[in-house]
Amino acid sequence: MADQADDLRKQVSDAVSRQQSLNIAGGGSKPFYGYAPRPDSLRLDLGTHDGVIDYAPEELMIRVRAGTRLEVINQLLAENDQMLGFEPPDFDGQATIGGAVATGISGPRRPFAGAVRDFVLGVTLITGEAKQLSFGGQVMKNVAGYDVSRLVTGALGTLGVILDVSLKVLPAPRKESTLAFHTDLSETFELFDRARGYATLSGAAWQDGVARLRFSGTEVAVDVAAEAMRNGASTPVEDDFWIQLNNLKWADAPRQLWRISVPRSSPLFLEKLSVLDWGGGLRWVKDPDGNPRDALDGNQGHATLVVSRQVTEVELFHPLTKPVRDMHRKLKSVFDPQGVFNPGRMYGDM
């Protein structure tokens, strides 16, 4: 465990004085996500700024430094029968909690338990003026500055250097059970709709003609739901399916990999579908014909180009409307007035 805050703040101060851009890096587990760092950026390494600052199991709260590996946090929580409710991917043990918050990527449990930002209680940041500021609190009832904590979630480090984060954690379920069904897509949606009637549903995904339902909770509640839904299910089910799904082990190096969020009932993107997750609301598409955004109707969904192994003029992240883009620019100017942090990582002009 090491507190590198003073050294990190000095590096930021030096970069600001020289107007030198910084590439904020942690475990390096998601180099495919977002635009590549600019060649003239200096690496600001948070990988050794790690360790648990405070953990209160009885308060369902943990505060950790940004460079702490997810596997370390998960192990500590498991020892106390607790877990991170947003189920972030750990990418073979390399992912850090700072990266999980900065990217805002949630796992299969997201529609049933909540997204990353729903669990962020507070953050400590180094701003673009090399100041160390704290926002939010360590319990849900302390909401002072809570919106700022949410703002940096998913901002890819463009608003500041996350030094540490306070998170709400959840009790781990007493039991989990996954059922698998050989179905076509129309049957899958009917299956998902039936399963949503059970509060213990914690995962609903389809891949390669097999739909899987995961139930989590007390032994009695899980057994009731599993027994009611078991008709037609095949066993056994791979114990690591959800881990493989969450960590994109199925992706097989496509030229392009799109992550598309749409209403669950939408008929879009089912023909080229690779994986259906979030009970139908999240669709992964490999190597589509054309730009998937052309098929989206107004605000009914958004599409992110997660992996691109070819030169493309398509924006990786879903284009912003002018009012929203103006708001992003204003926030960037407040938190990082000289544009030092991760310039161009999300949008080329910010």
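From a predicted model like this one, the values you see are computed outputs, not experimental measurements.

S.K.: Just checking my understanding: could you explain the overall build of the protein for this structure?
M.R.: The helix and strand inventory of the protein stands at 9 helices and 16 strands. The C-alpha atoms of the protein give a radius of gyration of 21 Å, which matches the 20 Å a tight globule of 350 residues would have. Each of the three principal axes of the protein carries a C-alpha extent, and together these read 65 × 50 × 35 Å. The proportion of buried residues among the 350 residues of the protein is 53%. Of all intrachain contacts in the protein linking residues separated by at least 6 positions in sequence, the fraction that spans at least 24 positions is 67%. Within the structure as shown, the protein displays about 16300 Å² of accessible surface, and the carbon and sulfur contribution to it stands at 49%. Distance between charge centres in the protein, computed from 38 positive and 44 negative side chains, equals 5 Å.

S.K.: Whenever I open this one, the pattern of salt bridges confuses me. Can you help?
M.R.: Oppositely charged side chains can pair when the atoms bearing their charge come close. In this structure the tally under the stated criterion is 18 salt bridges. Across the pair aspartate 45 and arginine 43 runs a salt bridge, and its minimum N-O distance is 3.9 Å. Among the ionic contacts, a cluster of salt bridges with common partners joins Glu87, Arg109, Glu176 and Arg214.

S.K.: Honestly, the confidence of the model for the protein in this entry has me stumped. Any pointers?
M.R.: Note that predicted coordinates carrying low pLDDT should not be read in detail. For the protein, the mean per-residue pLDDT works out to 92, and 95% of the residues sit at or above 70. In the model, residues 139–146 has pLDDT below 50 throughout and makes 16 contacts with residues more than four positions away in sequence or in other chains.

S.K.: Just checking my understanding: could you explain the sheet that holds strand 15 (residues 282–286) for this structure?
M.R.: Across the sheet, 7 strands lie side by side as 10-12-11-14-15-13-16; this open sheet has antiparallel pairing. Since the sheet does not close on itself, it has two edges, and those belong to strand 10 (175–182) and strand 16 (302–308), each with one partner. Going from strand to strand, the sheet's axes swing by 15° on average, the running direction of each strand aside. Examined bridge by bridge, strand 13 (residues 256–261) and strand 15 share 5 bridges and lie antiparallel to one another.

S.K.: Whenever I open this one, the packing of aromatic side chains confuses me. Can you help?
M.R.: Both the distance between ring centres and the angle between the ring planes are used here to describe each pair of aromatic rings. Evaluated as defined, the whole model comprises 7 aromatic pairs. Ring centres 5.4 Å apart and planes at 90° place the aromatic pair tyrosine 33 and phenylalanine 317 in the edge-to-face group. Note that tyrosine 33 is positioned in the loop between strand 1 (22–25) and strand 2 (42–45) and phenylalanine 317 in the loop between strand 16 and helix 9 (322–335), a separation of 284 residues in sequence. On the basis of relative accessible area, phenylalanine 317 is assigned to the buried category, the value being 6%. For the pair phenylalanine 86 and phenylalanine 119, a centre-to-centre distance of 5.8 Å together with 45° between the ring planes defines the contact as tilted. Note that phenylalanine 86 is positioned in the loop between strand 5 (82–83) and helix 3 (97–103) and phenylalanine 119 in the loop between helix 4 (110–113) and strand 6 (120–126), a separation of 33 residues in sequence. A residue is classified by how much of its surface remains accessible, and phenylalanine 86, at 0% relative accessible area, is buried. Members of the aromatic cluster, joined through ring pairs, are Tyr33, Phe317 and Tyr347. One Lys or Arg, arginine 110, reaches over the ring of tryptophan 278 and ends 5.3 Å from the middle of that ring. The side chain of arginine 212 reaches across the aromatic face of phenylalanine 241, ending 4.0 Å from its centre.

S.K.: Can you walk me through the sheet that holds strand 6 in this structure?
M.R.: Two pairing modes exist for strands in a sheet, parallel and antiparallel, and in both the strands are linked by backbone hydrogen bonds. Judged by pairing direction, the sheet is antiparallel, and its 5 strands sit side by side in the order 3-4-8-6-7 without closing on themselves. Lying at the two open borders of the sheet, with one neighbouring strand each, are strand 3 (52–56) and strand 7 (132–136). Here the average twist between neighbouring strands, direction ignored, is 10°. Two strands pair when backbone bridges link them, and strand 6 and strand 8 (residues 161–168) are joined in this way by 6 bridges, in the antiparallel orientation.

S.K.: What am I meant to see in helix 9 here?
M.R.: Think of an α-helix as 3.6 residues a turn; residues three or four steps apart then line up on the same face. For helix 9, which comprises 14 residues, the first-to-last C-alpha distance of 20 Å matches the rise-based estimate of 20 Å (1.5 Å per residue) to within 8%. Residues Arg325, Lys332 and Phe335 constitute the buried set of helix 9. Down the axis of helix 9, the smallest arc covering the buried residues is 95°, so these residues share one side. Opposite the buried face of helix 9, at more than 90 degrees from it, the exposed residues are Lys322, Pro323, Met327, Lys330 and Val334.

S.K.: Please explain unusual backbone geometry as it appears in this structure.
M.R.: Note: most peptide bonds trans; most residues except glycine with negative phi. Of note, glutamine 19 is a non-glycine position whose phi angle comes to about 55°, a positive value. The residue glutamine 19 is located in the loop between helix 1 (5–18) and strand 1 in this model. At phenylalanine 269, a position not held by glycine, the phi torsion is positive, near 65°. Take phenylalanine 269: it is sitting in the loop between strand 13 and strand 14 (273–277).

Rules used in this analysis
- Residues numbered from 1 in each chain as written.
- Predicted model: local features only at pLDDT ≥ 70, side-chain atom pairs only at ≥ 80, totals over all residues.
- Heavy atoms only, no water.
- Helix = DSSP H or I, 4+ residues; strand = E, 2+ residues; numbered from the N terminus.
- Rg over C-alpha atoms; globule rule 2.2 N^0.38 Å.
- Buried < 20%, exposed > 50% of the residue type's maximum accessible area, 1.4 Å probe, protein only.
- Contact = heavy atoms within 4.5 Å.
- Areas by Shrake-Rupley, 256 points an atom, 1.4 Å probe, with all protein chains shown as cover.
- Lys, Arg positive; Asp, Glu negative; His and termini not counted.
- Charge placed at Lys NZ, Arg CZ, Asp CG, Glu CD.
- Salt bridge = Lys/Arg side-chain N within 4 Å of Asp/Glu carboxyl O.
- pLDDT = per-residue confidence, 0-100.
- Pairing = 2+ DSSP bridges.
- Axes fitted to C-alpha atoms, helices over the stretch in contact; angles between N-to-C directions.
- Phe/Tyr/Trp six-rings, centres within 6.5 Å; stacked < 30°, edge-to-face > 60°.
- Lys NZ or Arg CZ within 6 Å of the ring centre and 35° of its normal.
- Expected span 1.5 Å × (residues − 1).
- Arc of directions from axis to C-beta.

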